[in-house]
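Understanding the architecture of this molecule
Each chain is listed here by its residues.
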Amino acid sequence: MPQIVIISPSIRKGRNSHRVALYFADLIKENNLAEAEILDLLKYNFPLFTERLKYLDSPAPGMIHFAEKINSADGVIIICPEYNGGYPASLKNAVDLLTSEWRRKPVAFVNVSDGHFAGSQVIIPIQFSLWKLGALTIPATLRLPDISTTFDEDGTPADKAAMNKRASALIHELLWYIEAKSRMSE
Ligand SMILES: Cc1cc2nc3c(=O)[nH]c(=O)nc-3n(C[C@H](O)[C@H](O)[C@H](O)COP(=O)(O)O)c2cc1C
């Protein structure tokens, strides 16, 4: 079964986007679509970026674990909140840490915001960064507005049927890229 890791980037007090990470992990597991694991940047608590992992003499705790998780994953979903039109520094910290681990990695984005505009502008910076690193950034995206009211703290959506339909479409698109890549490796 494919292994999908879900990056939950927000380290903000009272964060909302983690709800969406919980939801995606549950949806993938409930429907037996893949193995799913959340990589929570709040738990990793990485220091501010000083250099890429491969050049660090003494990596901070969790850095090697994070790199191995990205490296071994068949696909990645990034739950990306929008902060002033960009993506959170915590995510930039983690993206820049790695190099070859991202190469040809199928990556899907879920843009989220607690406003009405659903993080519609953050797709450009986050997708561009991953593209620069050689990831297979998939064109399909999902934009979710008002996440503090459309998901509860456990990640249950207010309208589960409608959300499942939209989220499943994104996951299946990611699985298509995972399958396509695996055929290239046969
Ligand atoms: C520093 C900062 C900047 C923000 N900028 C935007 C923005 O540009 N567009 C937007 O739709 N929401 C913006 N928001 C609102 C966030 O979408 C909302 O706080 C969301 O819950 C952020 O995810 P988090 O709670 O997981 O940190 C901003 C929030 C913060 C804290």
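Notes on the structure follow. (Residues numbered from 1 in each chain as written. Predicted model: local features only at pLDDT ≥ 70, side-chain atom pairs only at ≥ 80, totals over all residues. Heavy atoms only, no water.)

1. What about the packing of aromatic side chains?
Scanning all chains against the criterion turns up seven aromatic pairs. Aromatic side chains W176 and Y177 sit 5.1 Å apart centroid to centroid with 70 degrees between the ring planes, which places their arrangement in the edge-to-face category. The exposed category is assigned to W176, whose relative accessible area is 54%. (Phe/Tyr/Trp six-rings, centres within 6.5 Å; stacked < 30°, edge-to-face > 60°. Buried < 20%, exposed > 50% of the residue type's maximum accessible area, 1.4 Å probe, protein only.)

2. So, the pairing of strand β3 (residues 75-81)
Counting buried positions over the seven residues of β3 gives seven, a clear majority of the element. Residues G75, I77, I79 and P81 line one face of β3 and the alternating positions V76, I78 and C80 line the opposite face, and both faces are buried. Bridging between strand β1 (residues 3-8) and β3 involves four bridges; their strand directions are parallel. Looking at the pairing, I7 lines up with I78 of β3. (Helix = DSSP H or I, 4+ residues; strand = E, 2+ residues; numbered from the N terminus. Pairing = 2+ DSSP bridges.)

3. Focus: helix α7 (residues 160-184)
Here α7 spans 36 Å end to end across 25 residues, near enough to the 36 Å set by a 1.5 Å rise per residue. Among the residues making up α7, those that are buried are M163, N164, A167, S168, L170, I171, L174, L175 and I178. For α7, the elements touching its buried residues are β1, α1 (17-30), β3, β4 (106-112) and β5 (136-144). (Expected span 1.5 Å × (residues − 1). Contact = heavy atoms within 4.5 Å.)

4. A short note on the site of the ligand
Lining the immediate surroundings of the ligand are S10, R12, R15, N16, S17, P81, E82, Y83, N84, G85, S113 and D114. Contact distances for the ligand include 2.6 Å between an oxygen atom and a side-chain N or O atom of Y83. One nitrogen or oxygen atom from the side chain of S113 is found 2.9 Å from an oxygen atom belonging to the ligand. In the complex, 74% of the free accessible area of the ligand, which totals 610 Å², lies under the protein chains. The residue makeup of the shell around the ligand, split by class, is two nonpolar, six polar and four charged. (Near = heavy atom within 4 Å. Polar contact = N/O pair within 3.5 Å; in protein donor to acceptor, adjacent residues only side chain to side chain. Areas by Shrake-Rupley, 256 points an atom, 1.4 Å probe, with all protein chains shown as cover. Nonpolar A, V, L, I, M, F, W, Y, C, P; charged D, E, K, R; others polar.)

5. Quick notes on the sheet that holds strand β2 (residues 35-40)
With parallel pairing, the five strands of this open sheet are ordered in space as β2-β1-β3-β4-β5. What marks the edges here is a single partner per strand, and that holds for β2 and β5. Averaged over all neighbouring strand pairs, the angle between strand axes comes to 20 degrees, with direction disregarded. Pairing of β3 with β4 involves six bridges; the strand directions are parallel. Paired with V76 across the two strands is V107, which belongs to β4. Contacts from α7 reach β1, β3, β4 and β5, with the element oriented near 175 degrees to β5. (Axes fitted to C-alpha atoms, helices over the stretch in contact; angles between N-to-C directions.)

6. Examining helix α5 (residues 123-132)
Structural remark: α-helix, 3.6 residues per turn; residues separated by three or four positions point the same way. Here α5 has its buried residues at I123, I126, S129 and L130. Each buried residue of α5 sits inside an arc of 150 degrees when the element is viewed along its axis, so together they form one side. Across from the buried face of α5, at angles greater than 90 degrees, the exposed residues are I124, W131 and K132. Contact partners of the buried residues in α5: β3, α4 (89-97), β4 and β5. (Arc of directions from axis to C-beta.)

7. What about the pairing of β5?
Note that β4 and β5 share six bridges and pair parallel. Within β5, the position partnered with P106 by the bridge is L136. Handedness of the crossover joining β4 and β5 through α5: right-handed. (Right-handed = clockwise from strand over helix to strand, strands pointing away.)

The quantities given are spatial measurements derived from coordinates; they are silent on function.
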